[in-house]
There are 2 protein chains.
Amino acid sequence: MKPTSIPDPTVRRLSLYLRELETLWRSDHRTVSSRKLAQALKLTATQIRKDLAYFGQFGQRGIGYDVGELITKIRHILGTDRTWNVLLVGAGNLGTALSAYRGFAKKGFRLVAVFDADPGKVGRPIAGTDDLTIRSIDDIPAMVREHDIRLAIVAVPQEAAQTVAEVLVSAGVRGLLNFAPVSLDVDAAVAISSVDLAVQLEQLSFQVGSQP
Amino acid sequence: MKPTSIPDPTVRRLSLYLRELETLWRSDHRTVSSRKLAQALKLTATQIRKDLAYFGQFGQRGIGYDVGELITKIRHILGTDRTWNVLLVGAGNLGTALSAYRGFAKKGFRLVAVFDADPGKVGRPIAGTDDLTIRSIDDIPAMVREHDIRLAIVAVPQEAAQTVAEVLVSAGVRGLLNFAPVSLDVDAAVAISSVDLAVQLEQLSFQVGSQP
DNA sequence: TAGTGTGAATGGATTCACAGCC
DNA sequence: GGCTGTGAATCCATTCACACTA
């Protein structure tokens, strides 16, 4: 891994490369060219080579890339070659669906606890998970310490999001995946990734709407 | 609205401006400067002014922007000043959570039907919605025609996503919001917006991981 | 021939600097 | 004094062109 700062778009694409490579692996492809990868992802071959070149020389001229090796390398770059303990706040519709989502575990993210502010929900088990029960928000700091938590998912209503974010950050969490439709204001050292479901539809509305 | 092609990043930010403006409106702010807006969203004031200038002159020098007016204008630009009928495929964990999500309706997106391939699920009502029941995938074309559907949400497992996308597109859908962890291959005229939940966490892993 | 890796050129978004208006 | 709108300058990601290797 080189010392230079990596362009943000490159990091985003790295995840897509990994996803595609894993699919290729499952269908028994053991080598792939930047051109093939580009086709599948609707990017350019040069871009993929540039992106990978930020981190080293992974390919064989004339041959392409070794799928298994590249998977290992990208996982290492992204930091997903180990297990991350993750915690989730907000046991509403979305929160419980996310708790039961298998895709996280497949990528090495293990959900260790779910929290909700509603005392009526505390203690209730979450369907579709092995043995998770809803905990009180007050237990967050202890859980963060106990399980070395660095990442958390925020799936609470807009009004509660900023407060929850502050609790998490002051407990020591370093990255937040935010589903609340609000821009969180936290220390700049904390990484934030946001998914606003309505915003996604608005983008489509714009693109489709400007067509007849 | 000008004829020039709008930068993609600008369109993405437009949604954020709208969200922030709606929050300001609820807290009784009736005017706002680009600097205030920039602070809240962690952007630069110039960028906001440039973005808005693509579409016209909405501000008052010395004063700022009228919150209500700007909301109206941005909604018009995004095409959300009308109701969009939307359809959702995949009544698993995530799909049912999305069906019950109130945020879509607030932004003018009305979910009119939910589909699933599992015959055992067809006919079952969806909790948290008024009167939606799960329908057979075969009914998609009829529903698209009947309700003038242009946007659809894909919340099916990876293996099913490409097929579902093709069914939707050939039925006439113009934009897809895809939650399956796969890159969909459809006609270039179809707008696609993708949310891969695991990818979001990977991005955080990278950012947090490169810190000590 | 098929394919990677990379400096140089290009293109497009962001920021600067400032004119113009309240 | 405060703030918008915008050409010019800057910055940064993408693409081009090609040396190099299997």
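Note: the structure precedes this text.
I will try to describe carefully the structure that is included in this document.

Thresholds, definitions, all that
Residues numbered from 1 in each chain as written. Chains lettered and ligands numbered in written order. Predicted model: local features only at pLDDT ≥ 70, side-chain atom pairs only at ≥ 80, totals over all residues. Heavy atoms only, no water. Phe/Tyr/Trp six-rings, centres within 6.5 Å; stacked < 30°, edge-to-face > 60°. Lys NZ or Arg CZ within 6 Å of the ring centre and 35° of its normal. Near = heavy atom within 4 Å. Polar contact = N/O pair within 3.5 Å; in protein donor to acceptor, adjacent residues only side chain to side chain. Helix = DSSP H or I, 4+ residues; strand = E, 2+ residues; numbered from the N terminus. Nonpolar A, V, L, I, M, F, W, Y, C, P; charged D, E, K, R; others polar. Least-squares fit on C-alpha atoms with pLDDT ≥ 70 in both. Contact = heavy atoms within 4.5 Å. Pairing = 2+ DSSP bridges. Axes fitted to C-alpha atoms, helices over the stretch in contact; angles between N-to-C directions.

### Thoughts on the packing of aromatic side chains
For any pair of aromatic rings, the description rests on two quantities: the centre-to-centre distance and the angle between the ring planes. Applying the stated criterion across every chain, the model contains 2 aromatic pairs over all chains. A cation sits over an aromatic face here: arginine 82 of chain A above tryptophan 84 of chain A, 3.9 Å from the ring centre.

### Remarks on the protein's contact with DNA strand D
Around DNA strand D there are 24 residues in total, and Arg13 of chain A together with Ser34, Arg49, Gly62 and Tyr65 of chain B lie nearest to it. Near the protein, meaning within 4 Å, the atoms of DNA strand D are sugar or phosphate in a fraction of 63%, with bases accounting for the rest. Glutamine 47 of chain A is positioned with one of its side-chain polar atoms (N or O) 2.9 Å from a sugar or linking oxygen of DNA strand D. Here a base nitrogen of DNA strand D sits 2.8 Å away from a polar atom, N or O, in the side chain of arginine 49 of chain B. Among the elements of the structure, helix H1 (8-26) and helix H3 (45-53) of chain A together with helix H2 (34-41), helix H3 (45-53), strand E2 (59-60) and strand E3 (64-66) of chain B are those that each provide at least two residues to the surface near DNA strand D. In terms of residues, the surface near DNA strand D owes the most to one element, H3 of chain B, which gives 4 residues. When the residues that make up the surface near DNA strand D are grouped by side-chain class, the tally is 6 nonpolar, 11 polar and 7 charged.

### As for the relation of the copies chain B and chain A
Mapping chain B onto chain A is achieved by rotating through 180° and translating by 0.0 Å along the same axis, at an RMSD of 0.0 Å. The symmetry that links the two subunits is that of a two-fold axis. Distance from the rotation axis, computed per C-alpha, reaches its smallest value in chain B at alanine 97 of chain B: 3.1 Å. Take the interface residues of chain B: 100% of them recur as interface residues in chain A, which is what a same-surface contact looks like.

### Some thoughts on the sheet that holds strand E4 (residues 84-89) of chain B
All names here are of chain B. Ordered by their spatial adjacency, 6 strands build an open sheet running E6-E5-E4-E7-E8-E9, and the pairing between neighbours is parallel. The sheet is open, and its two edges are formed by strand E6 (134-136) and strand E9 (191-194), each paired on a single side. Strand-to-strand twist of the sheet, defined as the mean angle between neighbouring strand axes without regard to direction, takes the value 30°. Strand contacts of helix H5 (residues 93-100): E4, strand E5 (109-116) and strand E7 (151-154), with the helix running at about 160° to E4, the strand carrying the most contacts.

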